[in-house]
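# Chains, contacts and geometry: an overview
Residue-level listing of the chains:
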Amino acid sequence: MTKQELEFFRNKKILVTGHTGFKGSWLCRILALAGAKITGYSLAPEEEALYPMAAKSAEGDGSLISVIADIRDYECLRAVIQGMQPDLVLHMAAQPIVRTSYEQPRYTYETNVMGTVNICEAVRMTPSVRSFLNVTTDKVYKNEERGEAFREDEPLDGFDPYSNSKSCSELVTHSYVNSFLREQGVAVSTARAGNVIGGGDFARDRIIPDSVRAAMAKESIRVRNPYSIRPFQHVLEPLFMYLTILRAQALDPSLAGAYNIGPEDTDCVTTGDLVTRFCRAWNASGNEGEPDLSWEDVGNIGPHEATFLKLDCSLARKTFGWKPVWNIDRALEETVAWTRVYAAGGDVEAEMNREIEAFLSDSSRQTGEGVE
């Protein structure tokens, strides 16, 4: 997305569910800078979370209204959405961790499936909504470990409770489109993004947050499955594509559909390779005398997780003329830069603004906007 295209969101009323999470915090910062009128609906942020640092100025100037509530509470959600009458809705509220889904499968299904039912029903009952995007995951596909990239027309059947609940979320969305929303003139898409990394992700059992915690503690990084291949990308990549889809289908409803969002094939790397690159970026940014960061293989422990995940993103490229902006090394450099600011007690919001501006500038250069 270019700076010019981002102007579409100025003064638009946007409901963002899951706004206190990692992705949601970055999205609110983007939309606040774009001049949108944001209402967030989410559980309270975790004790250690990006949101309080990312949203302080947006809440202070009134561009972001934060509603702390559960996506499973339909009556509350409906009251919020009907009260604000949004133009656009972006649904990200979820239980997003695979390991947690093994520990709390019922809660995962209640949140990820019934939460989707609730937001779809609330959209159905709110005539102001013209564009709606449901964010799912690259893990929605039936993964038979073929070693091939998944296309949008392949079967949905995630293995673990998290992945499966997101497959169900896709099906719920499709049913509401076919039964109600298309006739009502609401453009609806689902977005299946790869593994995101970036500054401010404090989730447990994710490789980059685990790496950051180890780095800040000056400990070796413990890696469970170093040979698993994942489509890693900076968090700004899918977020700007979410906004691209929301904007495009609002202007042309025929563009609504299901879209994979992932990195270039060269950035689909093993977890071990990712951590090696993270260590290199961390060590290069360190102070003199700081010990070098390294990692160790602790074996394939824990519940089942897919060994191979890669997305075929040719549909998004063809439809929107999109391609990734930052490669994996740049994504890690920016993650380290954010973390260094955070560790030093610096201005995290200003660092986020810098990264967003840098991303937009690189995207504009990529498309030739403003380049003579």
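For the structure itself, consult the block above.
Residues numbered from 1 in each chain as written. Predicted model: local features only at pLDDT ≥ 70, side-chain atom pairs only at ≥ 80, totals over all residues. Heavy atoms only, no water.

Okay, the packing of helix H9 (residues 207-216) against helix H11 (residues 271-284) next. At a closest axis distance of 11 Å, the pairing of H9 and H11 adopts a crossing angle of 35°. Regarding H9 and H11, the two cross each other, and that crossing is right-handed. Residue-level contacts link Ile 207, Ile 208, Ser 211, Val 212, Ala 215 and Met 216 of H9 to Thr 271, Leu 274, Val 275, Phe 278 and Trp 282 of H11. Broken down by class, the residue content of the contact of H9 with H11 amounts to nine nonpolar, two polar and no charged. (Axes fitted to C-alpha atoms, helices over the stretch in contact; angles between N-to-C directions. Helix = DSSP H or I, 4+ residues; strand = E, 2+ residues; numbered from the N terminus. Left-handed = near helix turned anticlockwise from the far one by under 90°. Contact = heavy atoms within 4.5 Å. Nonpolar A, V, L, I, M, F, W, Y, C, P; charged D, E, K, R; others polar.)

This part takes up the sheet that holds strand S2 (residues 37-42). Pairing is parallel across the open sheet formed by seven strands, whose spatial order is S3-S2-S1-S4-S5-S6-S10. In the strand order of this sheet, the two ends are held by strand S3 (64-68) and strand S10 (258-261), each with one partner. In this sheet, adjacent strand axes meet at a mean angle of 15° when their direction is disregarded. Along the sheet, helix H7 (residues 105-124) makes contact with strand S1 (13-17), strand S4 (88-91) and strand S5 (131-135), crossing S4 at roughly 175°. (Pairing = 2+ DSSP bridges.)

Further remarks concern unusual backbone geometry. Trans peptide bonds make up the majority, and among non-glycine residues the majority have a negative phi. Despite not being glycine, Gln 85 has its phi angle at roughly 50°, a positive value. On the secondary structure map, Gln 85 appears in the loop between helix H5 (74-84) and S4. If you check the backbone angles, Lys 218 has positive phi at about 60° while not being a glycine. Mapped onto the secondary structure, Lys 218 falls in the loop between H9 and strand S8 (221-223). Exposure remark for Lys 218: the relative accessible area of 57% places this residue in the exposed category. (Buried < 20%, exposed > 50% of the residue type's maximum accessible area, 1.4 Å probe, protein only.)

The next thing to look at is the pattern of salt bridges. Scanning the entire structure with this criterion turns up 30 salt bridges. Measuring nitrogen to oxygen at the nearest pair gives 3.8 Å for the salt bridge that ties Glu 349 to Arg 29. With a gap of 320 residues between them, Glu 349 in helix H14 (residues 348-367) and Arg 29 in helix H2 (residues 22-34) connect regions that are remote in the sequence. In this structure, Asp 138 engages Lys 139 in a salt bridge whose closest nitrogen and oxygen atoms are separated by 3.5 Å. A single burial state applies to Asp 138 and to Lys 139, both of which are buried. Among the charged side chains, a salt-bridge network with shared partners connects Arg 330, Glu 334, Glu 351, Arg 354, Glu 355, Asp 362 and Arg 365. (Salt bridge = Lys/Arg side-chain N within 4 Å of Asp/Glu carboxyl O.)

Tallying each qualifying case throughout the model produces 10 aromatic pairs. For the pair Phe 278 and Trp 282, a centre-to-centre distance of 6.1 Å together with 20° between the ring planes defines the contact as stacked. You can see Phe 278 and its partner Trp 282 sitting in helix H11, four residues apart, about one turn around the helix. Accessibility classification places Phe 278 together with Trp 282 in one group, the buried group. Directly above the ring of Trp 282 sits Arg 340, whose terminal nitrogen or CZ lies 3.8 Å from the centroid. (Phe/Tyr/Trp six-rings, centres within 6.5 Å; stacked < 30°, edge-to-face > 60°. Lys NZ or Arg CZ within 6 Å of the ring centre and 35° of its normal.)

Attention now moves to the sheet that holds strand S11 (residues 268-270). Within a sheet, adjacent strands bond to each other through the backbone by hydrogen bonds, running parallel or antiparallel. If you walk across this open sheet you meet the three strands as S7-S9-S11, and the pairing is mixed. The open sheet has two edge strands, strand S7 (195-197) and S11, and neither has a second partner. Averaged over neighbouring strand pairs, the angle between their axes works out to 50° when direction is ignored. Summarising the sheet, S7 and strand S9 (residues 229-234) pair through three bridges and their orientation is parallel. From the neighbouring strand, Val 196 faces S9, where its bridge partner is Gln 233.

The residue Ser 169 is located in helix H8 (residues 161-181) in this model. According to the relative accessible area criterion, Ser 169 is buried, its value standing at 1%. Separated by 2.7 Å, the side chains of Ser 169 and Thr 116 make a polar contact. Leave out the neighbours within four places in its chain, and Ser 169 touches Asn 112, Thr 116, Asn 134 and Thr 136. (Polar contact = N/O pair within 3.5 Å; in protein donor to acceptor, adjacent residues only side chain to side chain.)

Taking 1.5 Å of rise per residue, the 14 residues of H11 would be expected to cover 20 Å, and the 20 Å separating its terminal C-alpha atoms lies within 8% of that figure. Within H11, burial applies to Thr 271, Gly 272, Leu 274, Val 275, Arg 277, Phe 278, Cys 279, Ala 281 and Trp 282. Elements that come into contact with the buried residues of H11 comprise H9, S8, S9, S11, strand S12 (295-297) and helix H13 (328-343). (Expected span 1.5 Å × (residues − 1).)

Further remarks concern the environment of Asp 362. On the secondary structure map, Asp 362 appears in helix H14. The class for Asp 362 is buried, based on a relative accessible area of 17%. Those residues in contact with Asp 362 that sit more than four places away from it in its chain are Val 325, Trp 326 and Arg 330. Polar side-chain contacts of Asp 362 include one of 3.2 Å to the side chain of Arg 330. Reaching out from Asp 362, the side chain makes a polar contact with the side chain of Arg 365 at a distance of 2.2 Å.

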